[in-house]
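A structural walkthrough
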Amino acid sequence: MSYKISDILKYRIKYTHNNKIIINKKNGKKIINPFYIKGLKIRFKGKNNTINLYEPLNFKRSLFTLKNDCEFNIYPAIINNTTIHGYNSSFVTIEEGSEIGGLIVHMENEKNTTLHIDKDAVLSYNIQIWTTDTHPIFDLNTNQLINNSQSTVYIGKDTWICANVILLKGAEIPTGSIVGNGSVVTKKFSECNCVIAGNPAQIVKHNIYKKNGPIS
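Residues numbered from 1 in each chain as written. Predicted model: local features only at pLDDT ≥ 70, side-chain atom pairs only at ≥ 80, totals over all residues. Heavy atoms only, no water.

1. Points about the side chain of Asn24
- Within the secondary structure, Asn24 sits in strand E1 (residues 20-24).
- Setting aside its immediate chain neighbours within four residues, Asn24 contacts Lys29, Lys30, Asn52, Leu53, Tyr54 and Glu55. (Helix = DSSP H or I, 4+ residues; strand = E, 2+ residues; numbered from the N terminus. Contact = heavy atoms within 4.5 Å.)

And the structure:
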């Protein structure tokens, strides 16, 4: 396997403080702490982070940052133009068959948040996911923190997230559903095979399914 020197310099991974990457090969063997992953830049900004990758790897122009005690599990998927900012104990899973065109994931400043993208999900371009508010918010009268709950964003199997969508903390997209272009999802939905759209997003169509390929 040949590498471009410029790519190696740009994407070379630095390991310190018990950070590790495990590439799980198809034949059952493992590669521990590779010095370079094509198309993926990784920045460890803390300690005790683990990234599990499963072949085949297919990254383009992507970046993962991890602070402390994070775990990322990336199964065979197509991941392009994707940036994931892990914080403390951030947990990320991208299941087999998923395809991402362009995504930014914000998990900063809140512990124990989770992103799960299930099998065969399709995410278009310019999508943002926020598993956290990133800043603490306090009650003016009591000075109590009011937004410190642990948060999960879940994207279900065989879903389609259209371009320019924003998914906020607590959002859940059920199996077989579509989120319309430019929608802002602020809550959990439980009805499968529906179209979710708007700001804030609501169910606008029921009992649908999608197929790959052109409309006509």
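2. Observations concerning the side chain of Lys210
- Looking at the secondary structure, you find Lys210 in the segment after strand E23 (201-205).
- Within the structure, the side chain of Lys210 is placed 3.3 Å from the side chain of Asp158, a separation counted as a polar contact.
- In this view, Lys210 contacts Val122, Asp158, Thr159, Trp160 and Ile178; residues no more than four positions away in its chain are not counted. (Polar contact = N/O pair within 3.5 Å; in protein donor to acceptor, adjacent residues only side chain to side chain.)

3. Describing the sheet that holds strand E19 (residues 172-173)
- Read across the sheet, eight strands follow the order E2-E1-E4-E7-E10-E13-E16-E19 without closing on themselves; strand pairing throughout is mixed. Because the sheet does not close on itself, it has two edges, and the strands there are strand E2 (30-32) and E19.
- As paired strands, strand E4 (residues 50-54) and strand E7 (residues 71-74) are joined by four bridges and run parallel to one another. Paired with Ile51 across the two strands is Phe72, which belongs to E7. (Pairing = 2+ DSSP bridges.)

4. Looking at the packing of aromatic side chains
- Counting across every chain of the model gives five aromatic pairs.
- An angle of 40 degrees between the planes, with centres 6.0 Å apart, marks the rings of Tyr15 and Phe44 as tilted. Here Phe44 lies in strand E3 (residues 40-44) and Tyr15 lies in the loop between helix H1 (5-11) and E1, a separation of 29 residues in the sequence.
- Centre to centre, the rings of Phe64 and Phe72 are 5.5 Å apart; their planes meet at 75 degrees, and the pair counts as edge-to-face.
- Among the residues examined, Phe72 registers a relative accessible area of 0% and is labelled buried. (Phe/Tyr/Trp six-rings, centres within 6.5 Å; stacked < 30°, edge-to-face > 60°. Buried < 20%, exposed > 50% of the residue type's maximum accessible area, 1.4 Å probe, protein only.)

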